[in-house]
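# Structural features, examined
Listed here are the chains, written in short residue letters.
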Amino acid sequence: MNYKIALIPGDGIGKDVTDAAWSVLQKAAGQSGFTLEGTEFPWSCAYYRQHGTMMPQDGIETLRSFDAILLGAVGWPAEVPDSVSLHGLLLPIRKAFVQFANIRPHRLLPGVQGPLKASAFDILCIRENTEGEYSGAGGRVHQGTKDEVAVETSIFTRAGVERILRFGFEQARARRGKLASVTKSNAQKYSMVFWDEITRQLATEYPDVEVASYHIDAMAARMVMAPETLDVVVASNLFGDILTDLGAAIQGGLGFAASANISPDRTSPSMFEPVHGSAPDIAHLGIANPIATIWSAAMMLDHLGETSAAAAVMAAVEQATASGIGTTPGKDRTDAITSAVLAAL
Ligand code: GGG
C-alpha cells in the first residue's frame, strides 16, 4: 500500500519537527511493509510575504487528492499578523475538509514529570473544529474613530453541535465510558444552552455513557485538581483550544501535545499537527521537542489503518522518554530526540 502525504512544515520550528516526524514515519512504514510518498508545500508566512496569500488559490483542491496532511506550525507574528496566517491556512483547511473533530490526547509519557501531583490521568479532549467562535463572522466599522465598533459572532448550528457531541459519545463508548461536555451556559444563554440541550438529547441514545456538563471555568479547575476523574472532554472551538493548552501543560508542556483534525466521513484528507505553534523564540536553534509531532504522526498512521505501525511508533516514543530523552525542555536537541525514537523503533 502507498499513501500520499501532503507535508506543510509552515513556520519557525515547524520544519524541524515535521522533518523529525517524517523520518520516524519512513522507518515505521519500511518495517510494516507500506510506503509513504511525501509532497512538501512551502505554504507559510514566508510564502505570504512573497505571494500575498498563505497558500495558492487552488491550495485546497491540491490537498484534496492526498490521503492525509502532516502540518508543523503556522505563524510568524513579527511579519504577518496571527489573525491573517491562521485564517489563511489552518482554519480554511479544517473547514474545507470538514475536519470537524480535533482530537487532542493528554497523558503523561513515561519519564515525563508533569507539574501536578496526579500522574494517572488519560484525557481525550475533543474540540469542535469548524464553527463556533472561530467561524470568522463579523466586521468592524468606523475604524480608527471614537465610534469604532467590532462585532464577532459565534455560529453554532444543530448539525455542527450534534456531530461533534455524537463523535464525543462514540469516543467515550470506545474508552472508559465517561463524557464531559463543556460550555458556559449560565452566561451565554443562547448558543451554550443550545449545546447543553443537544447533549441531553443525545445522552438518551447512549445510556451506557456517563455524561456530565461542566462550565469551562469549572473544567479548567478540574483538569488541574482532579484530572484522573476525566475521560473524554468535548468542547467548542475556542474553549477546546484553551483547555488543550491547559492539557498540554499538565502533560509536561506543549512539546508533548499531539492533535488530529479528523474528517470522520473520510471523503477528504484529515490533518495531523502538534498543538504548539511556530515558537519564534526557539526557531532555528535545533532544540524544539519533536515528540508532539511524532505522536501526531502516529495518530495519522492509526487513521490510515496502519494500527500496528502506529503502536510501534508510540512504543518507541515511550521507550525514549522512559530513558529520559526529550523529557526536560531544552536539554536534548531535536535530532538527539529523533535519533532516540528511531533507535527504539
Ligand atoms: N501546530 C499548529 C499551529 O501552528 N498552531 C498554532 C495555533 O495558533 N493554532 C490555532 C488553532 O489550533 O486553532
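See the structure shown above.
This write-up is about the structure you can find in this document. Note that the structure is predicted; figures quoted are calculated from it, not measured.

### Quick word on the site of the ligand
Val74, Arg127, Glu273, Pro274 and His276 are the nearest of the 16 residues found near the ligand. Here an oxygen atom of the ligand sits 2.7 Å away from a polar atom, N or O, in the main chain of valine 74. Separating an oxygen atom of the ligand from a side-chain N or O atom of arginine 127 is a distance of 2.8 Å. Summarising the interface, the protein chains cover 86% of the accessible area of the ligand, which totals 360 Å² for the free molecule. Going through the elements one at a time, β3 (68–73), α4 (82–96) and β12 (270–274) are the ones with two or more residues in the shell around the ligand. Residue composition of the shell around the ligand, by class: 8 nonpolar, 3 polar and 5 charged.

### Some remarks on the nonpolar core
Formed by 78 residues in total, the largest nonpolar core has its most connected members in Ile5, Met219 and Val233. Among residues more than four places away in sequence, those in contact with isoleucine 5 are Trp22, Leu36, Glu37, Gly38, Thr39, Phe66, Ala68, Leu70, Met300 and Leu304. Core analysis: the second largest hydrophobic core is formed by 22 residues, Phe41, Met54, Leu71 and Phe97 among them.

### Here we look at the environment of glycine 326
Residue placement: glycine 326 occurs in the loop between α10 (307–322) and α11 (334–344). Glycine 326 sits in the buried class, given a relative accessible area of 4%. A sequence separation of 71 residues divides glycine 326 from glycine 255, and the C-alpha atoms of the two residues are 8.9 Å apart. If near-sequence neighbours (up to four positions away) are discounted, glycine 326 is found in contact with Phe256, Asn289, Ile291, Asp332 and Ile337.

### Points about the pairing of strand β8 (residues 178–183)
By the criterion of burial, β8 is predominantly enclosed, with 5 of the 6 residues buried. As paired elements, β8 and strand β9 (residues 210–215) share 6 bridges and run parallel to each other. Counted as the bridge partner of lysine 178 is glutamate 210 from β9. Running through helix α6 (residues 191–203), the crossover from β8 to the neighbouring parallel element β9 is right-handed. Summarising the sheet, β8 and strand β10 (residues 232–235) pair through 3 bridges and their orientation is parallel. Across the sheet, leucine 179 pairs through a bridge with valine 232, a residue of β10.

Conventions and cut-offs
- Per chain, the residues get numbers from 1 upward, laid out in the order the sequence is written.
- Note on the predicted model: pLDDT of at least 70 is required for a residue's local features to be given, and 80 or more for side-chain atom pairs to be given and counted; whole-chain, interface and lining totals, by contrast, use all residues.
- Only hydrogens and water are removed before side-chain values are computed, so all heavy atoms of the structure are retained for them.
- Whether a residue is near a molecule or strand depends on its heavy atoms: it is near if one of them lies within 4 Å of it.
- We call two N or O atoms a polar contact when they sit within 3.5 Å, provided that within protein one can donate a hydrogen and the other can accept it, with sequence-adjacent residues counted only if both atoms are side-chain atoms.
- Only the protein chains shown count as cover for residues, and the accessible areas themselves come from Shrake-Rupley with a 1.4 Å probe.
- Here a strand is any run of E in DSSP of at least two residues, a helix any run of H or I of at least four, and the numbering for each starts at the N terminus.
- Note on residue classes: Ala, Val, Leu, Ile, Met, Phe, Trp, Tyr, Cys and Pro are nonpolar, Asp, Glu, Lys and Arg are charged, and everything else, Gly too, is polar.
- Only buried residues count toward a nonpolar core. Its members are Ala, Val, Leu, Ile, Met, Phe, Trp, Tyr and Cys residues joined through side-chain atoms within 4.5 Å.
- With a 1.4 Å probe rolled over the protein chains alone, any residue whose accessible area is under 20% of its type maximum counts as buried; one over 50% counts as exposed, and the rest are partly exposed.
- Residues are treated as being in contact if the distance between any of their heavy atoms lies within 4.5 Å.
- Strands are labelled as partners when DSSP assigns at least two bridges between them.
- Classification remark: right-handed applies to a crossover when, strands pointing away from the viewer, the course from the first strand over the helix to the second runs clockwise.

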